[in-house]
Amino acid sequence: MLAQKMKTSQLFKSLSIVKLLPLFLLAIALYNSYFIVIEGHVGVVKRFGEAKGQENPGLHFKIPFIETVEMIEVRTRKNAEKMASSTKEQMPVTIEVSVNWTVNKEAALDLFKRYGGLTQFEQRILDPRFRSATKDTIPQFEAEQLIQDRASAIQGIEHRLAEEMEGFPVIVDNIQIENIVLPQKYINSIEIKQTEKNLAAAEEHKLERQRLEALRAVNTADAKAKGILKIAEAEAQSILLKGKAEAQAIEAKAKALKNNPLIVKLTEAQAWDGKLPTTMMGEGVMPIMDIREKPESN
């Protein structure tokens, strides 16, 4: 009896599993029938491993169990390299450089077909050419120039890498020299040289300032001298004009006296103070008479 019940229970379980299996498979199929491409990526749709197309960000559908999706990032990526090289004067140098690059969004499918994805492209194409461009450019510069003018070295690497990457479905944005490591002895010599340059520049600035101050003093003295000269010239001109005016006045007065003797009388009359003379002198022998009033005596 117990065995029969167990057989009946197992039969019911088997029937339940058989009924639920299609629903379970349907759920799996539905789950695998769509995919979502997030921003900054494109989805490469593969059918049995063969790339068939690419999809932009959003919700998309695919054939379950037959099609799969490979995500390709199309945002700016950064690759960094640390490598040993040498300068133009054969000085060993360790340089750290980085490159920013972006996959051409419209060519993501082509990149996947040709190189199998971003990792393969970096390892097989980008990184070797980036190292080659850097190592070919650095030896064209002296150590001091590398330190003081990184921009020129960066432009050289960019130009060389642009030539190397021509025709590939990517865009090289920019390159940066993150760090330059030179022998310590050379760093010390550069520091000493720079200090000497700074001292020389400071001394030159001091001399130039002294020259300007001396020139300023000369200009001030010259201006003062010119001012004094102008004042003296003005005073001399004033005296000259005053003298000429007085001479002209005397000459005019003399001319007037000569032409009209009555002017003498007029001048005397103008100068008379209204008092009669106290003494008078006549012609020949005449007594001098005191015609002043005498006070009355009591």
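A.B. asks: When you look at the nonpolar core in this model, what are you seeing that I'm missing?
C.D. replies: Most often, soluble globular proteins have nonpolar side chains that are buried together. In terms of nonpolar packing, the biggest core is built from 41 residues, with Phe121, Met165 and Val170 touching the most fellow members. Residues within four places of Val170 in sequence aside, it is in contact with Trp101, Thr102, Val103, Asn104, Leu111, Phe121 and Met165.

A.B. asks: Got a minute to help me understand the sheet that holds strand S8 (residues 170-181) in this structure?
C.D. replies: For sheets, the rule is that strands pair by backbone hydrogen bonds, running either parallel or antiparallel. Pairing in this open sheet of three strands is antiparallel, and the strands run S6-S7-S8 from one edge to the other. Because the sheet does not close on itself, it has two edges, and the strands there are strand S6 (77-86) and S8. Across this sheet, the average inter-strand angle for adjacent strands is 20°, counted without regard to direction. As judged from the 10 bridges shared by strand S7 (residues 92-103) and S8, these two strands associate in the antiparallel manner. Paired with Thr94 across the strands is Val181, a residue of S8. In this fold helix H3 (residues 118-137) packs onto S6, S7 and S8, with an angle of close to 40° to the strand it touches most, S6. Here helix H5 (residues 150-164) sits on the sheet and contacts S7 and S8; the angle it forms with S8, its principal contact strand, is near 140°.

A.B. asks: Can you help me understand a nonpolar patch on the surface in this one?
C.D. replies: On the surface, Tyr31, Tyr34, Ile36, Ile38, Leu59 and Phe61 cluster together into a nonpolar patch covering about 710 Å² of accessible area. Those elements that provide at least two residues to the nonpolar patch are strand S1 (34-37) and strand S4 (58-61). Mapping Tyr31 onto the fold places it in helix H1 (residues 2-31).

A.B. asks: Got a minute to help me understand the packing of aromatic side chains in this structure?
C.D. replies: Geometry of an aromatic ring pair is reported as the spacing of the ring centres plus the angle between the planes. One pass over the structure, following the stated rule, counts four aromatic pairs. Note on Trp101 and Phe121: the rings are 5.7 Å apart at their centroids and 40° apart in plane angle, and the pair reads as tilted. Within this pair, whereas Trp101 is found in strand S7, its partner Phe121 is found in helix H3, the two being separated by 20 residues in sequence. The residues Trp101 and Phe121 share a single accessibility class, namely buried. Pairing Tyr115 with Phe168 gives two aromatic rings, centres 6.1 Å apart and planes at 45°, and the pair type is tilted. One end of the pair, Tyr115, is in helix H2 (residues 108-115); the other, Phe168, is in the loop between H5 and S8, with 53 residues separating them in the sequence. For Phe168, a relative accessible area of 18% puts it in the buried group. Ring pairing ties together the aromatic residues Trp101, Tyr115, Phe121 and Phe168, which thus form one cluster.

A.B. asks: Please clarify how the packing of H3 against H5 should be interpreted in this entry.
C.D. replies: Where H3 meets H5, the axes come as close as 9 Å, and the angle between the chain directions of the two elements is 135°. In terms of orientation, H3 and H5 fall into the oblique class. When you trace H3 past H5, the crossing you get is right-handed. When H3 is examined against H5, the residues Arg129, Phe130, Ala133, Thr134, Asp136 and Thr137 are found in contact with a partner set consisting of Ala153, Gly156, Ile157, Arg160, Leu161 and Glu164. Grouping the amino acids of the contact of H3 with H5 by side-chain chemistry returns five nonpolar, three polar and four charged.

Cut-offs and rules
- Residues numbered from 1 in each chain as written.
- Predicted model: local features only at pLDDT ≥ 70, side-chain atom pairs only at ≥ 80, totals over all residues.
- Heavy atoms only, no water.
- Core = buried A, V, L, I, M, F, W, Y, C linked by side-chain atoms within 4.5 Å.
- Buried < 20%, exposed > 50% of the residue type's maximum accessible area, 1.4 Å probe, protein only.
- Contact = heavy atoms within 4.5 Å.
- Pairing = 2+ DSSP bridges.
- Helix = DSSP H or I, 4+ residues; strand = E, 2+ residues; numbered from the N terminus.
- Axes fitted to C-alpha atoms, helices over the stretch in contact; angles between N-to-C directions.
- Patch = residues over 30% accessible without salt bridge, like charges linked within 9 Å, V, L, I, M, F, W, Y side chains within 5 Å.
- Areas by Shrake-Rupley, 256 points an atom, 1.4 Å probe, with all protein chains shown as cover.
- Salt bridge = Lys/Arg side-chain N within 4 Å of Asp/Glu carboxyl O.
- Phe/Tyr/Trp six-rings, centres within 6.5 Å; stacked < 30°, edge-to-face > 60°.
- Parallel < 35°, antiparallel > 145°, perpendicular 65-115°, else oblique.
- Left-handed = near helix turned anticlockwise from the far one by under 90°.
- Nonpolar A, V, L, I, M, F, W, Y, C, P; charged D, E, K, R; others polar.

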